[in-house]
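Notes for the structure review
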Amino acid sequence: MSGKADPRPAGEGTTSRTRLDRGRGALGPALELVHTGRAPTRAVLTTELGVTRATAGAVAAELEALGLIRVDARPGAAAGSQGRPSHRLSIAEDGPVALAAQVHADGFRAALVGLGGRIVATAPGSEVIDADPAKVLGSVVAAGAELLRETGRRCVGAGLSVPSAVAEPEGLAFGPLRLAWPTGAPVREIFAEQVRAAGLGGPAFAANDVNLVALAEHRHGAGRGARDLLCVATGHRGVGGALVLDGRLHTGSSGLALEVGHLAVNPGGRPCYCGSRGCLDVEADPLAFLTAAGREPGPEMSLLKQADTLIHEHHDDPAVRAAVDTLVDRLGQGLAGLVNILNPDRIILGGLHGTLLEAAPDRLRAVVADRSLWGRSGGVPILACALDHNSLVGAAELAWQPVLDDPLGALA
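This section reports on the structure supplied with the text. (Residues numbered from 1 in each chain as written. Predicted model: local features only at pLDDT ≥ 70, side-chain atom pairs only at ≥ 80, totals over all residues. Heavy atoms only, no water.)

**Considerations on the sheet that holds strand S4 (residues 107–113)**
Taken in spatial order, the 5 strands make up an open sheet running S5-S4-S3-S6-S9, and their pairing is mixed. Strands with a single pairing partner mark the edges of an open sheet, and in this sheet they are strand S5 (119–122) and strand S9 (204–208). Across this sheet, the average inter-strand angle for adjacent strands is 25 degrees, counted without regard to direction. Here 7 bridges tie strand S3 (residues 97–104) to S4, and the two strands are oriented antiparallel to one another. What sits directly across from Gln102, in S4, is Arg109. Contacts between helix H7 (residues 209–220) and the sheet are confined to strand S6 (155–162) and S9, with S9 contributing the most and set at about 100 degrees to the helix. (Pairing = 2+ DSSP bridges. Helix = DSSP H or I, 4+ residues; strand = E, 2+ residues; numbered from the N terminus. Axes fitted to C-alpha atoms, helices over the stretch in contact; angles between N-to-C directions. Contact = heavy atoms within 4.5 Å.)

Spelled out as structure tokens, the structure:
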């Protein structure tokens, strides 16, 4: 319980507590509905939970008492509506936050993220990545701790996004070669130690960056409403994939599922660090695009920003146009193979892949349809990711999950 005194008459308070006791198991599901925007009013919450209006009211009141949501009892009826308007539900703007950390080949960043996937504050990013993961994670946690001091927010936990497969249950980073970190680095344990050393409350988690992109987009962005969502993205280097099945992130038996970067799309192409050649990882990332366009990468900005800028500002350049077509064909071939295997009901593309979709939507969709059995039968919607900083939002989702599972227990 919240621990706050109940100002209502004794009989009324007892009745409300009885309703809450009956609906206590609904606290987590109710919070998730508000968190993901699926319950904007108490009437919708009542329907979605399958409880009485009184129980839904008690559940909403308890979540408000915990400082997680706000219940607006005077929303005003919409034009043309019938009957009494329902109380509106929204995320508490001054509520607790999760510390989100992201590490990639070109730097790291920390942020505070509230419920609803709302970024409350961000710290200036770093462009230097040490070969010692403890130094990097110590720095990013310190940046997050400073944000917490500045904002005075309560921290429910911390989540870390890394450009590597993260094996479970140990939380080991396999394949973080572009970070020069040792294979099998215990990133979750190191991150948790740094979080504890900084005096921050709540549990700490770590996961693959594209898995977290998919999780964030499924809950708050372009993947909302999809049942079987495929996400493929390229950020600063390499290509990653993720799959959400029936609303849950599919990570395989040990967290290593959907390493789509190692699908061969160009036999005899560039050598890949996995030992093969022509993998999506080295044929459809920002470096591959810059190379195909005949541009030499420079140190002034990240590879992703260089590639995006080239497409947006020089799209009429024949070399840039040809590079777009080349990468779209390779990406489409890889997506078609995944559609044949996974049969998703939606595909979302992140990073440079979203930019390629914007630049040549018809070509990409045609390649996927032509090369996939299920694509020919009606097509799979292909959309660009919609969220800014979706990796950070996804990292925060890891930290918010215990609260979504058990608000009372997590915030006790």
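Now that the structure has been shown, we can carry on.
**Here's the deal with the nonpolar core**
Ranked by internal contacts, the top residues of the largest apolar core, which has 37 residues, are Val232, Phe289, Leu335, Ile347, Leu349, Leu352 and Leu364. The leading source of residues in this core is helix H11 (residues 318–342), at 9 residues. If we skip the residues at most four places from it in the chain, Leu349 touches Val232, Leu331, Leu335, Gly354, Leu357, Leu364, Ile382, Leu383, Ala384 and Cys385. Formed by 36 residues, the second largest nonpolar core is a distinct cluster that contains Ala30, Ala60, Ile69 and Ala207. (Core = buried A, V, L, I, M, F, W, Y, C linked by side-chain atoms within 4.5 Å. Buried < 20%, exposed > 50% of the residue type's maximum accessible area, 1.4 Å probe, protein only.)

**A few points about helix H4 (residues 53–65)**
Taking 1.5 Å as the rise per residue, H4 with 13 residues should run 18 Å; its terminal C-alpha atoms sit 18 Å apart, in good agreement. Just downstream of H4 lies Gly67, where phi reads positive at about 80 degrees. (Expected span 1.5 Å × (residues − 1).)

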